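# Structural description and commentary
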Amino acid sequence: MAALIPTPSDRSICNRLSFRFLPATLQELRDHQARTGERLFDGTHHLHRVAHRIHAQPKIVATSTENSKRSRLRWWYLLHQRLPSNTTDAINRVLQTAIDNTNVYKVTFDVTHTVPVTDFQLLPDNNSAPYVVTAGFGDARVIYQVILACPDDDYLPDPQSEHDPPDPDTNEQPVVPPFTPPPF
Amino acid sequence: MTALPLLRPVRSSWVVRERTMLFAEPKLPDQLSLKASAERRSVLYDLVTEFGMAFPRIEFRIVAESKIINAQANRFGNSLSVSVYGGLAYHPLVGQNAIAFALLHETGHHLAPRPRPPWSSWLACECAADQWAVNEGATTLREKTGRRLEVPAALSELDFVVDSAWVSNDNCINCEPYASGRCWALSWVGRKASILGKCRLAEGTHCLL
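For the structure given in this document, a descriptive report is provided here.

What counts and how
- Residues numbered from 1 in each chain as written.
- Chains lettered and ligands numbered in written order.
- Predicted model: local features only at pLDDT ≥ 70, side-chain atom pairs only at ≥ 80, totals over all residues.
- Helix = DSSP H or I, 4+ residues; strand = E, 2+ residues; numbered from the N terminus.
- Buried ≥ 20, exposed ≤ 12 C-beta atoms within 10 Å, placed from the backbone.
- Contact = placed C-beta atoms within 7 Å.
- Axes fitted to C-alpha atoms, helices over the stretch in contact; angles between N-to-C directions.
- Parallel < 35°, antiparallel > 145°, perpendicular 65-115°, else oblique.
- Nonpolar A, V, L, I, M, F, W, Y, C, P; charged D, E, K, R; others polar.
- Expected span 1.5 Å × (residues − 1).
- Arc of directions from axis to C-beta.

It is worth spelling out the overall build of chain A at this point. A count of helical and extended segments in chain A gives five helices and five strands. Order of helices (α) and strands (β) in chain A, N terminus to C terminus: β-α-α-α-α-α-β-β-β-β. When the 184 residues of chain A are sorted by exposure, 45% land in the buried category. Contacts in chain A between residues far apart in sequence, at least 24 positions, make up 79% of those at least 6 positions apart.

The structure is reproduced here in structure tokens:
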């Protein structure tokens, strides 16, 4: 996410998600799936809970603890209550494919307002494959781009109903060893 | 085109101060927008055309329908683009220099070689984009089109739209990563100083954002 005037929470989420899907950290997700059989993005897990488990929540050094929690709750709200179901399905499909398909070298994440949309959706659309770039190794490895197009909306509300951290899913398996947290 | 100083006193009421929130940007109210101005549209057309000549690998566009006060570099597959949202492009306090700087800064995200964080390797850091904008970018723009970027004027114009949005972050100037001298992307004061001082990051460092 590269904007003239940075929005720290949004950028933090994108960077922490992208960190989670770097080659080495993506391998941690594959190892967890191979070890436990748990498929994190199979549609039976809540996205906001998975985001918490993989350290994909906003964390901002240059703001107050209160603001960080506020951003975190909004992020849980977006994933839990606000995203249209077909967008949630598309995110699950793309990310589960990224774990299952070892030709996916890494995944990058971004948000944009440059494409007019009526509601949150992936680009180019929720039904297609994501944007794909060859990884540049001269083989079949590719990089997925998960880009969330945002409507020209107002701030997300401050939810009263979201728990921090989100409640566990019933089918969770222990992550051993723990996923590497982002160094930022 | 110059900024309209008479409008300055109202700026803090239409720039959102807290820049930590999710998926929403400061916006320009319709009544202040220059979207109906033929002069502004002509200026924007000239800028986009010139940038297309100077940096042909990148698609430049004005997202006229958006009220967001910002600009963004995007990569969609193999397509590189720079978008200036309508809230910035049609802002009455923002002139040609600020818009040209915004375009150069976003172009710098694509073309500046480093630093690039490993988790965002397609886009250079904010600081790298700034330095590329006022050095290599401005030079290429001048050589290819004759347009000269007036950096102090650009930063003064941007003061009107970003200073109150960033004020809370300036309180953290002593926090990491600023204290390390590695990144100033969230401090407008520090960022301006670095641009005017042409400060570059040390090799091998990158933003921690």
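Glancing now at the packing of helix α1 (residues 38-54) of chain B against helix α4 (residues 126-145) of chain B. Residue and element names in this part refer to chain B. One can describe the packing of α1 onto α4 by two numbers: an axis separation of 9 Å at closest approach and a directional angle of 100 degrees. In terms of orientation, α1 lies roughly perpendicular with respect to α4. From α1, Glu50, Met53 and Ala54 reach across to α4, where they touch Thr140, Leu141, Lys144 and Thr145. Of the residues that constitute the contact of α1 with α4, the class distribution is three nonpolar, two polar and two charged.

The periodicity of an α-helix, 3.6 residues per turn, causes residues three or four places apart in sequence to face the same way. Relative to the 22 Å expected for 16 residues at 1.5 Å per residue, helix α3 (residues 96-111) of chain B spans 22 Å between its end C-alpha atoms, a close match to the ideal helical length. α3 of chain B sits mainly inside the fold: 16 of its 16 residues count as buried.

Residues and elements named next belong to chain B. In this model, α1 (17 residues) spans 24 Å end to end at C-alpha, consistent with the 24 Å of a helix rising 1.5 Å per residue. Among all positions in α1, only Arg40, Leu44, Leu47, Phe51 and Ala54 are buried. End-on view of α1: buried residues confined to an arc of 95 degrees, all on one side of the axis. The exposed residues of α1 that point more than 90 degrees off its buried face are Ala38, Ser42, Tyr45, Thr49 and Met53. The elements touched by buried residues of α1 are β1 (58-63), α2 (86-89), α3 and α4.

A few words on the environment of leucine 123 of chain A. One can find leucine 123 of chain A in the loop between β3 (121-122) and β4 (131-134). In this structure leucine 123 of chain A comes out as buried when scored by C-beta crowding, with 21 C-beta atoms within 10 Å. For the pair leucine 123 of chain A and leucine 148 of chain A, spaced 25 residues apart in sequence, the C-alpha separation works out to 6.4 Å. Apart from the residues within four sequence positions on either side, leucine 123 of chain A is in contact with Val115, Tyr131, Ile147 and Ala149 of chain A together with Phe76 of chain B.

Distances and angles like these do not, on their own, reveal function.
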